[in-house]
Amino acid sequence: MSQSDWRKSVVYQIYPKSFNDTTGNGEGDLKGIIEKLDYLQYLGIDYIWLTPVYESPMNDNGYDISNYYKINEKFGTIEDLETLVTEAHKRNLKVMMDIVINHTSTEHEWFKQAYADSDSEFRDYYFFKRSSDAQPPTNWESKFGGNAWKYDEKTDAYYLHLFDVTQADLNWDNPNVRHALYDIINYWIDFGVDGFRFDVINLISKGEFKNSEKIGKEFYTDGPRVHEYLHEMNEHTFGGKDLMTVGEMSSTTIEHCIKYTSPERQELSSVFNFHHLKVDYVNGEKWSNARLDFHKLKDILMEWQLGIYEGGGWNAIFWCNHDQPRVVSRFGNDSNETLRKQSAKMLATVLHMMQGTPYIYQGEEIGMTNPGFGSINQYRDIESLNAFNNMKRVGYDEDEILTILGQKSRDNSRTPVQWTNEKNAGFTTGTPWIDIPDNFDQINVKAAIEDNYSVLHTYRDLIRLRHEYDIITYGSIEPLYMEDDELFIYKRHYKDETWLVVANFSKERVSIPKDLDIEGQVMIQHGNISDGLIDGFGTIVVAQ
Ligand code: TEU
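Every residue gets a number counted from 1 within its own chain, in the order that chain's sequence is written. For this predicted model, a pLDDT threshold of at least 70 governs which residues receive local features, and a threshold of 80 or more governs which side-chain atom pairs are given and counted, while totals over whole chains, interfaces and linings are taken from all residues. To obtain the side-chain values, all non-hydrogen atoms of the structure were used and water was disregarded.

(A) Layout of the sheet that holds strand β13 (residues 270-272). Taking strand neighbours across the sheet as the criterion, the eight strands line up as β13-β12-β11-β5-β2-β1-β15-β14 in an open arrangement whose pairing is parallel. Every other strand in the sheet has two partners, leaving β13 and β14 (316-317) as the edge strands with one partner each. Think of it this way: DSSP has to see at least two bridges between two strands before they count as a pair. In this description a helix means any DSSP run of H or I spanning at least four residues, a strand means any run of E spanning at least two, and both kinds are numbered starting from the N terminus. As paired elements, strand β2 (residues 47-50) and strand β5 (residues 94-99) share four bridges and run parallel to each other. Bridge assignment links isoleucine 48 to a residue of β5, and that residue is valine 95.

Structure (structure tokens):
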């Protein structure tokens, strides 16, 4: 598949720890992925995005890397990864590695030397700063709660960690850091991977270290030299090669994302943004008990679709990943099987008919739901546990906290893939590292394959349509009836073709706008449409 083909590709994200366990230790592994490659080929996807499998103390489940050149033995061996890549390629599947280069684990050799000796050559690989008034250098906050600076008494200095205290931010202003990171990327290019997902890559350039009104974001988000650094990284590594790259952009803007992904700027191929996944935050606060703001969702998605397309950039489009709740529970309806399947198909269709590269998160293709954990003891994620303690400390009662975690926690999407209705959903013969919701007896891959009307077959249809029809990849988009309270309606235009997409985000049967012509060749339809009405969570795509 050539570089240009990546634009017609669909990416499947694997969180290895929860994908498939072949050792019985209760955690997924590389051999478990190899076992499922035929399934992924059957699904029809093109790329596999592998979240980090490098050596790591796993405080943040691998996003705290202690050795970029070694595989965490919990996942297997470098030979297992070689086999995975080889077997994937045999099935015309490409492998995209996730690489975390905004920060390292504090167990990385660079940090250990920097921390041990303030005169070390690695001291300037990180941000160690003295403070005059026994306060942290700035009032910046970690995205996992608390201050973003950790004091080291031995050298009377603080080091910066925008995430966990065991994830020390790298100093990209130091060319030795940048070139050491380019060596790592080139190692994995030579290994034979087909692309990279760059973790929080728009945070790498820190501007001034000053006190902030916005936890520090304004000083390091889309920082002053970020485009310069990305272009340099492109030139020294994947540039000009048949590799797809995607940058995870935290709190970014359309303007920056056009710059990140405009081919002539030679930075990245595509970017993730998260603005559409904050429409159920109250005043931007994730840990709040709120539901979908449908108009905000439509507005943001269409703003980004139009902005990036007209700007010549490239979106990565997605509902779910390992940091987000399950979309069918969040924006659909998982209260019964009919509503779960119908709303999952609707959500899949409305996203996959948009412009950009779609990402499917493991289990999304069968409509897996949030697990509805009833106890804090079932939670595993450092962000969730910090949030629980922080909310408890400021007086929330435990039921309210569990309701909020049940809606927003990253653990929601980290429960194991439900393969069968057998013990532990066929994920492991051991004790799963995180509980599996009871609904695996109904919601599992085996049942989905056997059910012609499953969510899975909708995803397979959508992937096939993207591969077959250029309008989905290259067409422009035209939002329609944005004022409608239940329907998400837009058109795609390409050459002399027009496709109309109508999706009902409510569970009620509602009227289709009287002046909307829905005649045409039906490309995909779920739910009954008659007498000017569309079923609850009904969807239709017609070529006109
Ligand atoms: O996530 C970036 C990030 O900000 C996430 O923490 C996410 O946006 C947030 O949890 C939503 O509330 C990346 C990785 O995807 C995430 O798993 C890592 O924990 C984080 O970076 C640090 O590497």
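The structure having been displayed, the exposition proceeds.
(B) Molecular detail of the pattern of salt bridges. In the sections that follow, a salt bridge refers to a side-chain nitrogen of Lys or Arg positioned within 4 Å of a carboxyl oxygen of Asp or Glu. Per the stated rule, a full pass over the model turns up 34 salt bridges. Here aspartate 38 and arginine 91 are joined by a salt bridge, their closest N and O atoms 2.6 Å apart. Placement of aspartate 38 in helix α2 (residues 37-43) and of arginine 91 in the loop between α3 (78-90) and β5 is noted, with a sequence separation of 53 residues between them. The closest approach of N and O atoms between lysine 446 and glutamate 450, which form a salt bridge, is 3.0 Å. Note that lysine 446 and glutamate 450 are positioned in helix α14 (residues 445-450) at a spacing of four residues, about one turn of the helix. What makes glutamate 450 exposed here is its relative accessible area of 54%. A simple rule labels every residue: compare its accessible area, found with a 1.4 Å probe on the protein chains alone, to the largest value its type can have, and call it buried under 20%, exposed over 50%, or partly exposed in between.

(C) Layout of helix α4 (residues 109-116). Of the positions making up α4, those classed as buried are Trp110, Phe111 and Ala114. Along the long axis of α4, the arc covered by the buried residues comes to 90°, so they all point the same way. Contacts made by the buried residues of α4 are with β6 (103-105), β7 (128-129), β9 (157-160), β10 (167-169) and α5 (175-191). Read the arc as the range of directions from the helix axis to the C-beta atoms. The contact criterion used is simple: two residues touch if any of their non-hydrogen atoms lie within 4.5 Å.

(D) Region of the structure containing the packing of helix α12 (residues 382-393) against helix α13 (residues 398-408). Inter-axis angles, ranging from 0 to 180 degrees, are taken between N-to-C directions of lines fitted to C-alpha atoms, where helices are fitted over the stretch in contact. Following both chains from N to C, one finds α12 and α13 inclined at 150°, their axes separated by 10 Å at the closest point. In this structure, the crossing between α12 and α13 has a hand that is right-handed. For the pair formed by α12 and α13, the contact residues are Ser384, Phe388, Met391 and Lys392 on the first element and Glu398, Ile401, Ile404 and Leu405 on the second. When residues are grouped by polarity, Ala, Val, Leu, Ile, Met, Phe, Trp, Tyr, Cys and Pro land in nonpolar, Asp, Glu, Lys and Arg in charged, and all others, Gly among them, in polar. Residues of the contact of α12 with α13, tallied by class, amount to five nonpolar, one polar and two charged. Working rule for handedness: look at the near helix, and if it is turned counterclockwise from the far one by less than a right angle, call the crossing left-handed; if clockwise, right-handed.

(E) The site of the ligand, seen in detail. Here a residue is near a molecule or strand as soon as one of its heavy atoms is found within 4 Å of it. Near the ligand lie 16 residues; those nearest to it are Asp60, Asp199, Lys286, Asp323 and Arg410. Distance and chemistry together define a polar contact, namely a pair of N or O atoms within 3.5 Å, with one atom able to donate a hydrogen and the other to accept it when in protein, and with adjacent residues in sequence counting only for side-chain atoms on both sides. Aspartate 60 is positioned with one of its side-chain polar atoms (N or O) 2.5 Å from an oxygen atom of the ligand. In isolation the ligand offers 490 Å² of accessible surface; the protein chains occlude 91% of this area. Two domains share the shell around the ligand, each providing at least three of its residues, namely domain 1 (3-103 + 175-379 + 412-463) and domain 2 (109-169). To measure how exposed things are, a 1.4 Å probe is used in the Shrake-Rupley method; for residues, cover is taken only from the protein chains shown. Domain borders in the structure are assigned automatically or taken from a domain database.

(F) Just the pairing of strand β18 (residues 497-504), in detail. By the criterion of burial, β18 is predominantly enclosed, with seven of the eight residues buried. The pairing of strand β17 (residues 487-494) with β18 spans eight bridges and is classified as antiparallel. Within β18, the residue paired with phenylalanine 488 across the bridge is alanine 503. Counting the residues between successive antiparallel strands, the hairpin from β17 to β18 contains two residues, one of them, lysine 495, with a positive phi of roughly 50°. Of the strand pairs in this sheet, β18 and strand β23 (residues 539-543) are connected by five bridges, and their pairing is antiparallel. Bridge assignment links valine 502 to a residue of β23, and that residue is isoleucine 540.

(G) Structural detail: α3. With 13 residues, α3 should reach 18 Å at 1.5 Å per residue; the first-to-last C-alpha distance of 18 Å fits that figure. Where α3 is buried, its residues meet α1 (30-35), α2, β2, β4 (67-71), β5 and α5. One or two residues past the end of α3 sits asparagine 92, with phi positive at roughly 60°. Each residue after the first adds 1.5 Å to the expected span of a helix.

(H) Highlighting the sheet that holds strand β20 (residues 521-526). With antiparallel pairing, five strands are arranged side by side in an open sheet as β16-β17-β18-β23-β20. Edge positions in the sheet fall to β16 (476-480) and β20, since each has one partner strand and no second. Adjacent strand axes in the sheet meet at a mean angle of 15° when their direction is disregarded. Pairing analysis gives five bridges linking β20 to β23, with the strands arranged antiparallel. Opposite glutamine 525, over in β23, you have isoleucine 540 as the bridge partner.

(I) Region of the structure containing the UniProt feature "domain: Glycosyl hydrolase family 13 catalytic" (unreviewed entry) in the protein chain. According to UniProt, the feature "domain: Glycosyl hydrolase family 13 catalytic" (unreviewed entry) maps to residues 13-414 in the numbering used here. Across residues 13-414, the secondary structure splits into 34% helix and 13% strand, with the terminal C-alpha atoms separated by 12 Å. UniProt positions are given in the numbering used here, feature names are shortened, and annotations may be inferred rather than shown by experiment.

(J) Main features of the packing of helix α11 (residues 337-352) against helix α15 (residues 455-468). Axis separation between α11 and α15 bottoms out at 9 Å; the angle between their running directions is 15°. Between α11 and α15, the crossing angle belongs to the class labelled roughly parallel. Both α11 and α15 take part in a crossing whose hand is right-handed. Contact residues: Lys341, Ala344, Lys345, Ala348, Thr349 and His352 in α11; Val455, Thr458, Tyr459, Leu462 and Arg466 in α15. Looking at the contact of α11 with α15 residue by residue, the class counts come to five nonpolar, three polar and three charged. What sets the label is the angle itself: under 35 degrees gives roughly parallel, over 145 gives roughly antiparallel, 65 to 115 gives roughly perpendicular, and the rest give oblique.

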